[in-house]
Structure formats: structure tokens, C-alpha cells
Amino acid sequence: MKVPFNVLDRQFFLHQQEYESKALEVLRSGWYILGSEVKSFEKEFAAYLGAKYCIGLASGLDALMIAFRALGIGSGDEVIVAANSYIACVMGITMNGATPIFVEPDKYYNIDPKAVEDAVTKKTKAVLAVHLYGQSADMSSLKDICNRHGLYLVEDCAQSHGSKHGEKMSGTIGDIGCFSFYPSKNLGCFGDGGAIVTENPDIEKEIRVLRNYGSEKRYHNKTVGYNSRLDEIQAGLLRVKLRYIDELNKEREEIAKRYLTEIKNEEILLPESMKNSTHIYHLFVIRLKNREKFMKYMEENDIGKMIHYPIPPHLSEAYSYLGYKEGDFPLAEAYSNEVVSIPIYNGMKKEEIDYVIEVINNYK
Ligand SMILES: *Cc1c(COP(=O)(O)O)cnc(C)c1O
């Protein structure tokens, strides 16, 4: 049997009729940018999360970049972020001229609140909590630290649409929640897309202006903004998928539950669940010492796998100018050498899940 790492058309065929009729409806409407689909999606996504405002944007990276810009964070300011984050998290900070301050993750792969506390300086303006792989970070501790030091708390929810910490959805706990709707995300569209959610009306207004060339009124530009708009077709398709997001997340959780109870192999470390957070399993990430051997074994058995992520941002060529070296963040670096993501996606068949479990249990 062959089990690919991900097959994106399976979730499309699950609700094919509705996606196709929505796409046709938008095509025939004659209105393609900032119209009723975007407006409705913003309203519906905010309602789903329990957020006050939602602003549709062109991508997750744009959401991060515009979030820090809207908070007035730039040159000379520091933002604390986990060293094992995705590179886009860091780019959202540095595109504004601000400096990322890396800290070690906890055993759930999220930013470690104790490390955050130690990294706060006079220049710190914000903490970026990335809910990595789909599990919410320890937001109560982070919020407490940010309140005590007067810092903004920004959430990267690109992998956590619908995951909770306590009673609240990720994205609604900090000052700004940033989302990506890249096709493979749990709430993915069929192209690029992103959004910001916030409770703050001033931030909301500022972001609406920034996403559209810095103008509130056409041809009256208050500031140098961006072209970062979610388009009507993607918004319409996202409205369809949003109706099923809880089911889709549940399906992934069921697969994860099987992996967690049925994968039994001493070489392999399974992901751990945090007490007060839920996990929507955007990725199912295991860890093991001899990763190369395991990757080869999976390949021989026709099972897809990926590494999220092989190079931590502080060692990436893009950030060589920051002057970090190997050994600066031993835990994040160990994770980057040991993690492997195994197949988990909507529409995955029972035989495929059985096969992945069987093959991994036979690994020696
Ligand atoms: C996907 C992702 C992003 C970037 O989203 P794009 O829409 O691809 O720009 C940012 N942060 C994290 C954690 C992501 O997984």
C-alpha cells in the first residue's frame, strides 16, 4: 500500500457540490475583491471563534507582518518567539525592522513561559505565541507575563483553527490572532488566504486601512499600506469549509487518538497533550534519535513523511545577520534533528491508518 503524506483533494471531494456551486456563484456575481463573501466570512469566522472583529487578508505571513505593524512595533523593538517556530513567524517580526528574541520551547513544542520571563528586557514590546502543530500554547501563563510587563501578546494560529486553551479559542486570548488559510491548514482555502482577529476596534480599523494601500476612502491614502486582501472566491469557499471545521478537526483527532493508543515502539516518542489546551492535530509529530534510518524505512514502505522543521530560524541563512550559531538553542536544535511528521489528513482511509500503525510498530 502507498500512503502519501497528504492528499488535498480528499477534503475537496468530501463537499465537492457545495464548493463548486459557491465558486460558480462568485464567478457569475461580477464582484471579485472585497465584497459580500469576504464580509460574511469575516463575520462568520469571528462568531465561530468568539472574537469581536475579523479582517480577511492575503496570507498568514501578511497577517503576522501587519499585526506587528498595527501595534507600532519596529526598529529597536524586541519580540520574543520560540526558537523552533516556522520561519514565517520570525519574518512577520523582522519585516517591520524589529528584532526576534528566541527562547527555548517546552515539551509540547510551544514557547516555554519560564524562558519568556527570563528574556524580557526594556526593549521587549511583544510575545508571539505560535500554537505549533495544532496544540494551544500555555496562554494563561503567557498572558500573565505580558500583563505584568506591559507587553502585547500576539498569537500565530496558522496551525490551530479551533483549538482551545481553557474555554477560549486560540486567537482570542492575546491582543491579535493571526491565521493562515493555506490549502493544507485545517481551515484551508484553495489558494492563499489569511486573517486577523482582535477585540480592539482601533487595531481593527488600522488593519482594514493597511490591507488596502493605506486607504479608508478610495484614493485617499493615510499611510503606505499593502495590497493584502482575501479575495471573494477564497472567502466564499472558506465559508463552505467553516461549516464543517469542527467535523474536520474531529476526524484528525480520531486519527491522532488511534496513533496515540496503537503506536507502540520504544524508539519513538509520541506527542504529549497539555492539560488545559486542546490539540487539532494539524500535524502529528513524532520524535526519534536515528531519524535518517526511520525516514528511509518509511520510504521503503511507501509512507509519506515530512520534517517540520529541519532548520530552526536562528540557523537559517536568511537570519545569518543576527549572528547566532549552532548550540545557542540546544532544545530547539535537538527537536529540529529528531522530529518527523507522519500522515494525518481529512479523508484518510481506515486501511491507510492501519498500515501506518503496523509499519511503525514493526520498525526496529
Ligand atoms: C503556514 C504558516 C504560516 C504562514 O502562512 P502563509 O499563509 O503560508 O503565509 C505562518 N505561521 C505558521 C505557524 C504556519 O504554519
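Bear in mind that the values here come from a model prediction, so they are computed numbers and not experimental data. (Residues numbered from 1 in each chain as written. Predicted model: local features only at pLDDT ≥ 70, side-chain atom pairs only at ≥ 80, totals over all residues. Heavy atoms only, no water.)

**Considering the overall build of the chain**
Assigned secondary structure in the chain consists of 13 helices and 13 strands. The C-alpha radius of gyration of the chain comes to 20 Å, within 12% of the 21 Å expected for a compact globule of 364 residues. When the backbone C-alpha atoms are referred to their principal axes, the chain occupies close to 65 × 55 × 35 Å. Here the chain holds 364 residues, and 58% of them are scored as buried. Long-range pairs, those at least 24 residues apart, make up 71% of the contacts in the chain between residues at least 6 apart in sequence. Total accessible area on the chain stands at roughly 16200 Å², and carbon and sulfur atoms take up 51% of it. With 44 positive and 51 negative side-chain charges, the chain shows a spacing of 3 Å between the two charge centroids. (Helix = DSSP H or I, 4+ residues; strand = E, 2+ residues; numbered from the N terminus. Rg over C-alpha atoms; globule rule 2.2 N^0.38 Å. Buried < 20%, exposed > 50% of the residue type's maximum accessible area, 1.4 Å probe, protein only. Contact = heavy atoms within 4.5 Å. Areas by Shrake-Rupley, 256 points an atom, 1.4 Å probe, with all protein chains shown as cover. Lys, Arg positive; Asp, Glu negative; His and termini not counted. Charge placed at Lys NZ, Arg CZ, Asp CG, Glu CD.)

**Here we look at the domain arrangement of the chain**
Per the domain assignment, the segments making up the chain are domain 1 (9-242) and domain 2 (245-361). Put simply, the middle of domain 1 and the middle of domain 2, counted by C-alpha atoms, are 23 Å apart. Domain 1 puts 43 residues into the contact, and the matching count from domain 2 is 41 residues. Both sides together, the interface formed by domain 1 and domain 2 hides about 3800 Å², and carbon and sulfur atoms give 58% of it. (Domains from an automatic or database assignment. Buried area = accessible area lost by both parts, 1.4 Å probe.)

**Quick word on the site of the ligand**
In the vicinity of the ligand there are 13 residues, among which Gly60, Asp156, Gln159, Ser180 and Lys185 approach most closely. One of the side-chain nitrogen or oxygen atoms of Asp156 is found 2.7 Å away from a nitrogen atom of the ligand. Within the side chain of Lys185, an N or O atom sits 2.7 Å from an oxygen atom of the ligand. Summarising the interface, the protein chains cover 90% of the accessible area of the ligand, which totals 380 Å² for the free molecule. For the shell around the ligand, the elements supplying multiple residues, two or more each, are helix H4 (60-70) and helix H5 (87-94). At 3 residues, H4 tops the list of elements feeding residues into the shell around the ligand. (Near = heavy atom within 4 Å. Polar contact = N/O pair within 3.5 Å; in protein donor to acceptor, adjacent residues only side chain to side chain.)

**Quick notes on H5**
A large share of H5 lies buried, amounting to 6 of its 8 residues. Within H5, burial applies to Ala88, Cys89, Val90, Gly92, Ile93 and Thr94. For H5, the secondary structure elements touched by its buried residues are H4, strand E2 (78-82), strand E3 (99-103), strand E4 (124-130) and strand E5 (152-156).

**Description of helix H13 (residues 350-361)**
Every α-helical turn comprises 3.6 residues, leaving residues that sit three or four positions apart pointing alike. Across its 12 residues, H13 extends 17 Å between first and last C-alpha, which sits within 8% of the 16 Å expected from 1.5 Å per residue. Each element contacted by the buried residues of H13 is listed here: helix H1 (9-14), helix H10 (245-262), helix H11 (291-300) and strand E13 (339-342). (Expected span 1.5 Å × (residues − 1).)

**Focus: the nonpolar core**
Within the largest apolar cluster, 70 residues are counted, with the highest numbers of intra-cluster contacts made by Leu128, Ile196, Tyr259, Phe294 and Ile342. Ranked by residue count, the leading element in this core is H4, at 7 residues. Here this core gathers at least three residues from each of two domains, domain 1 (9-242) and domain 2 (245-361). Ignoring sequence-local partners within four residues, the contact set of Ile342 consists of Phe5, Tyr259, Ile263, Phe284, Ile286, Met298, Val356 and Ile360. Ranked by size, the runner-up nonpolar core spans 21 residues in total, among them Phe45, Tyr48, Phe179 and Leu230. (Core = buried A, V, L, I, M, F, W, Y, C linked by side-chain atoms within 4.5 Å.)

**Structural notes on a nonpolar patch on the surface**
A grouping of Leu24, Leu27, Tyr32 and Ile33 is seen on the molecular surface, where their side chains present a nonpolar patch of about 360 Å² in accessible area. Within the secondary structure, Leu27 is located in helix H2 (residues 16-29). (Patch = residues over 30% accessible without salt bridge, like charges linked within 9 Å, V, L, I, M, F, W, Y side chains within 5 Å. Salt bridge = Lys/Arg side-chain N within 4 Å of Asp/Glu carboxyl O.)

**Some thoughts on the side chain of Thr94**
Mapped onto the fold, Thr94 is located in helix H5. Here Tyr319 takes part through its side chain, which lies 2.7 Å from a polar atom of the side chain of Thr94.

**A short note on the environment of Gly191**
On the secondary structure map, Gly191 appears in the loop between strand E8 (176-180) and strand E9 (194-198). With relative accessibility at 24%, the residue Gly191 sits in the partly exposed group. Linking Gly191 and Ser320, residues 129 residues apart in sequence, is a C-alpha distance of 31 Å. Residue contacts for Gly191: discarding those within four places in its chain leaves Phe181, Tyr182, Pro183 and Gln234.

**Remarks on the packing of H4 against H5**
For the pair H4 and H5, interaxial distance at closest approach is 7 Å and the crossing angle is 35°. In terms of crossing hand, the pair formed by H4 and H5 is right-handed. Contacts between H4 and H5 involve Leu61, Leu64, Met65 and Phe68 from the former and Ala88, Cys89, Met91, Gly92 and Ile93 from the latter. Its residues assigned to classes, the contact of H4 with H5 shows 8 nonpolar, 1 polar and no charged. (Axes fitted to C-alpha atoms, helices over the stretch in contact; angles between N-to-C directions. Left-handed = near helix turned anticlockwise from the far one by under 90°. Nonpolar A, V, L, I, M, F, W, Y, C, P; charged D, E, K, R; others polar.)

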